[in-house]
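Fold and contact review
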Amino acid sequence: MIDYFTVFTTGGIVLWQKCYQPVSAAIVDSLVSDIFIEDRGRSGEQSSLTKNRYTVKWTTANDFGIIVVAVYQSLLQISFIDELLASVKKLFTTLYGDELKDKDPEQLPVCRFDDYFAVRYAELEKLSEGRKVGKPSVPSNGVPGEKISSDDGAEDTLEAPSRVTSSDSIGDAATAASASAKKLPLGKRGGRRGGRGGAKARVGRESPFASSGDEVPAKKSGKKLRKWDIDGSARDISDDEGPLDFSTADANGNVAVDEDDNDNPLLEDENFENWGAKTKSGEFILKDLSSEISSILATPDASGTTEGTGGGGAALASGFGFFRNIIGSKVLKEQDLDKALAGMKDHLMKKNVAPEVAQHMCDVVNKSLVGTKTGNWTSIEKAVRAAMEDALRRILTPSTSVDLLHEIQRVKSGNPPRPYVISVVGVNGVGKSTNLSKIAFWLLQNNMKLLIAACDTFRSGAVEQLRVHARNLKKLTEREGGEIELFEKGYGKDAANIARDAINYGREHAFDVVLIDTAGRRHNDTRLMSSLEKFAKYANPDKIVMVGEALVGTDSVQQARNFNAAFGPTRNLDFFLISKCDTVGDMIGSMVNMTYSTGIPVLFVGTGQMYTDLRTLSVPWAVNMLMG
Amino acid sequence: MSAPPETDEPGHLTSQETVSTSGYGVPGYILSVGLLIITAYFAYELIYRRTKGVAAGGPRFIIAGPSGSGKTALFTLLRYGKKSTTLPSVEQNLTTKFRLPNLPDTTKPFVLVDTPGHQKLRHGLFSALQTAQAARTVHGVLYVVDASAMSRPERLREAAEYMYDILRITERVRGGTDMLVAANKSELFTAVPAKRLRTLLETELYKIRESRAKSVSKVAADGEKDDSDDDNEDIVGGSGWLGKRGEKGSFKLEDLETEVTVLDGSVDSGKIDAWIGWMEERAVN
């Protein structure tokens, strides 16, 4: 049912993955950047995103820096998916927590999680089936279920030292011989003892060793096939297991011996230590796997996440919370952040950021900080501030760069050559025509041949206004060789038709750019907004620019959303132009509102009354203004 | 932060502590023990911070490049000796214990940073590179590109644009910061060879320079045009000129202060010896 399940670090290193159905890497990549970088899919509490017929659900553990993601077909309803994600997170952080905590480990954490996952998955699946049908599953299912867990238990004990031949064979023999679980521990102990010997003698016995390594995944996949009957995955598992397998790690180690003799003892020590640590926590490994899982899941969250993070200093400093705040290196909890975040929210709202957006920004910051440790000499306020700057920067930075001049050149020299079409839309009186002429001025300075199409056939004076602009611009840029013309059809006609005619005219007369001015419309007037869809279809502009004014407050969220949705399901806005930025000082929150609600970047800002008062957005400038 | 205020601050706080606790009639020995603990703790913090600071600020190599070029895979291959499956990075990967294989063991380990390639996250690289350059700790930038995608104009454009922004930073110091363009995935059929990639990038960088010179200037604090791009903290997409002033007609990477080398390699098939060689050359200098 689940196509793809993975656990990876925030750095992008996949720790463990399971592929039931091949999902193209490009899809997974784009989903990950959409969710974790572009911050899409924030529909309420449920963290899920649907795209290209796939649905993604995820959960994160900040203190460990890991992300758990499940991808499945949107058609399917998987009721237990949240539970599965939560339990995988819990299991993963409990099992590999120590290794994951080390931010700069000597080796990548090796996570052999397949069996835990399979067992937990089967459990939850059975549970949900039971819920649906109303009775527990058939008894015949129960027997192999038991068998799985005991088998896996055996395998799990061998997991750490499984690189060793002897341990494997003994463990296997033990499993085979003992039908009862009572005998298992003996087998395991034997296995471990054998393992120790094997680990020491490892370097000497290279070749038998390699062969044993090959056997391990083969045996595993055989098991998988037998138990869960998932043909496609079995191959994938063995593929994925390959690089993570201890045997290959050893092979690498041996390669390292050839290159550099000094490296090897160190490496071996490391392995040995890891392995020893695992033996120490052996009590629960001795139990069978499913009961281990349930015991891990039963432990309350607090012990797992908040304690043991501070290291040596934490115990000492627990009484000095006040000092901690000043000195830093404090593990952040939700209640610590509340006050700082409330202040931050007020601050943002004073900058004209809509309450909804401010709350979301605070949630983002909250999520990114809970469980992390503040830097030395960093107070909570400072940490929150830094995180907020980061979040704002992330929202405002466009995810693709727009180089209009380059694109115009490309379209012009294309085959067949056609004019590049830019159209402006927006609410009444935000400065559509004014900013259109500012863009025109900039293009004229770059020796373009422009056609302005007057498609505001509604407001009296709109055409005349553009005519004055065209005349002024012509005079201003005559010497530099800019050419500009106005295309008008008077008032009362259909805007979409005029736009199409203008583009045809532009094509016939070899214009470089056609700039289309449209009538202003209220974003919640469905009658006026519905004509935009036709407009987009007829004119099909290369770029649709929405002009929004910096003065508008909370309403900008809805404006941006409605305009973005008005062009039909296949067309969106391309970028925003925020006008009247010179009139609001540092209260430029509308920018954040609009980019937040649509994910569409701000390209230009209008900063004054002159033709030259057009600027591209500088993200550091905007962040400084908002945080200042 | 400089040293004096740090020592000043704890002193101030401890005295406050003394006043407040003695007001409640706490026995003297508890006070002295408390003081001892506090001072010990501050000493520990200071020492800890100092050692950690040195480690994190040591000589470094920085991995950069557009998304999907294989940066994180290269990072794990260099650091752990094995490539790992990767997904787009959300945060940087950093190690302070990176060793180059052919250098003697007595050399200090390097810092190796792998930065996310997504457009929204590039700010981290720019600021990190600037601080590292200011501290003169950066040995080189490994700019990883997907050589197999460089025959596609939009991908080439993306790679060149990011490179342009990085070069504008590396050009700021005398002699520049060396940059290796690591043409990754060269084992693939469609891969562009290093020599050709160099010319492709030069042509594209030239085009970018031309169109940026004509673009609308960035908004600055006072709303005026910002012509001085040297102390401008916003590098991305800025109109700053790269290469010789007033140079027209062509762009050559040789003209830059930054020494740019383009080398083929492949993380997937483990062919990164040339890149390691390049790093070792930079490391001993």
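Residues numbered from 1 in each chain as written. Chains lettered and ligands numbered in written order. Predicted model: local features only at pLDDT ≥ 70, side-chain atom pairs only at ≥ 80, totals over all residues.

Naming follows an unreviewed UniProt entry, where chain B appears as Signal recognition particle receptor beta subunit-domain-containing protein of Lipomyces orientalis.

The name an unreviewed UniProt entry gives chain A is SRP54-type protein, with Lipomyces orientalis as the organism.

This part covers the overall build of chain B. Within chain B one finds seven helices and six strands. What you see in chain B, going N to C, is helices and strands ordered as α-α-β-α-β-β-α-β-α-β-α-β-α. Looking at chain B as a whole, 42% of its 285 residues qualify as buried. Long-range pairs, those at least 24 residues apart, make up 74% of the contacts in chain B with a sequence separation of at least 6. (Helix = DSSP H or I, 4+ residues; strand = E, 2+ residues; numbered from the N terminus. Buried ≥ 20, exposed ≤ 12 C-beta atoms within 10 Å, placed from the backbone. Contact = placed C-beta atoms within 7 Å.)

The subject of this paragraph is the environment of A:Phe117. Residues and elements named next belong to chain A. Within the secondary structure layout, Phe117 lies in helix H3 (residues 114–133). Taking the number of C-beta atoms within 10 Å as the measure of exposure, Phe117 has 19 and is therefore partly exposed. Considered as a pair, Phe117 and Lys18 are 99 residues apart in the sequence and their alpha carbons are 9.1 Å apart. What Phe117 contacts, discounting residues up to four positions off in sequence, is Lys18 and Val88.

This next bit is on the sheet that holds strand E4 (residues 54–61) of chain A. Residues and elements named next belong to chain A. In space, the five strands of this open sheet follow the order E2-E1-E5-E4-E3, with antiparallel pairing throughout. Looking at the sheet topology across the chains shown, the edges are occupied by strand E2 (14–19) and strand E3 (48–51). Looking at each pair of strands side by side, their axes are set apart by 15 degrees on average, direction ignored. Of the strand pairs in this sheet, E3 and E4 are connected by four bridges, and their pairing is antiparallel. (Pairing = 2+ DSSP bridges. Axes fitted to C-alpha atoms, helices over the stretch in contact; angles between N-to-C directions.)

This part takes up helix H19 (residues 404–412) of chain A. Those residues of H19(A) that sit buried are A:Leu404, A:Leu405 and A:Ile408. One side of H19(A) carries all its buried residues, which in axial view fall inside an arc of 100 degrees. Tucked inside the fold, the buried residues of H19(A) contact strand E6 (420–426) and strand E9 (513–518) of chain A together with helix H6 (194–214) of chain B. (Arc of directions from axis to C-beta.)

With 102 residues, the main nonpolar core has A:Val384, A:Ala440, A:Leu450, A:Ile452, A:Ala453 and A:Leu515 as its most contacted residues. Viewed by domain, this core spans two of them, domain 3 (322–396) and domain 4 (404–627) of chain A, each represented by three or more residues. Grouped together as the second largest cluster of nonpolar side chains are 56 residues, B:Leu74, B:Leu94, B:Val181 and B:Ala182 included. (Core = buried A, V, L, I, M, F, W, Y, C linked by C-beta atoms within 7 Å. Domains from an automatic or database assignment.)

Here we take up the packing of helix H16 (residues 334–350) of chain A against helix H17 (residues 355–369) of chain A. All names here are of chain A. Where H16 meets H17, the closest approach of the two axes is 9 Å, and the angle between their N-to-C directions is 150 degrees. Judged by the inter-axis angle, H16 sits roughly antiparallel to H17. The way H16 lies across H17 gives a crossing that is right-handed. Contacts between H16 and H17 pair Glu334, Leu337, Leu341, Met344, Lys345, Leu348 and Met349 from the former with Pro355, Ala358, Gln359, Met361, Cys362, Val365, Asn366 and Leu369 from the latter. Of the residues belonging to the contact of H16 with H17, the class tally is eleven nonpolar, two polar and two charged. (Parallel < 35°, antiparallel > 145°, perpendicular 65-115°, else oblique. Left-handed = near helix turned anticlockwise from the far one by under 90°. Nonpolar A, V, L, I, M, F, W, Y, C, P; charged D, E, K, R; others polar.)

Residues and elements named next belong to chain A. By domain assignment, chain A separates into domain 1 (1–109), domain 2 (144–298), domain 3 (322–396) and domain 4 (404–627). Measuring from the centre of the C-alpha atoms in domain 1 to the corresponding centre in domain 3 gives 24 Å. Opposite the four residues of domain 1 that make contact, domain 3 presents six residues. Grouping the constituent residues of the side of domain 1 that touches domain 3 by class yields no nonpolar, one polar and three charged.

Right, let's get into the interface of chain A and chain B. The partner chain B presents 47 residues to the 54 residues of chain A that form the contact. Examining the composition of the side of chain A that touches chain B, we find that six residues originate from one element, helix H1 (residues 25–37) of chain A, more than from any other. Looking at the side of chain A that touches chain B, its residues break down into 25 nonpolar, 19 polar and ten charged.

With that out of the way, let us pick up the confidence of the model for chain A. Low pLDDT marks regions whose predicted coordinates should not be analysed in detail. Residues and elements named next belong to chain A. With 69% of its residues at a pLDDT of 70 or more, chain A has an overall mean of 74. Residue range residues 135–287 is modelled with pLDDT below 50. Its contacts to residues more than four positions away, or to other chains, number 157 contacts. Contacts for the low-pLDDT stretch residues 302–315, under 50 throughout, to residues beyond four places or in other chains number 14 contacts. (pLDDT = per-residue confidence, 0-100.)

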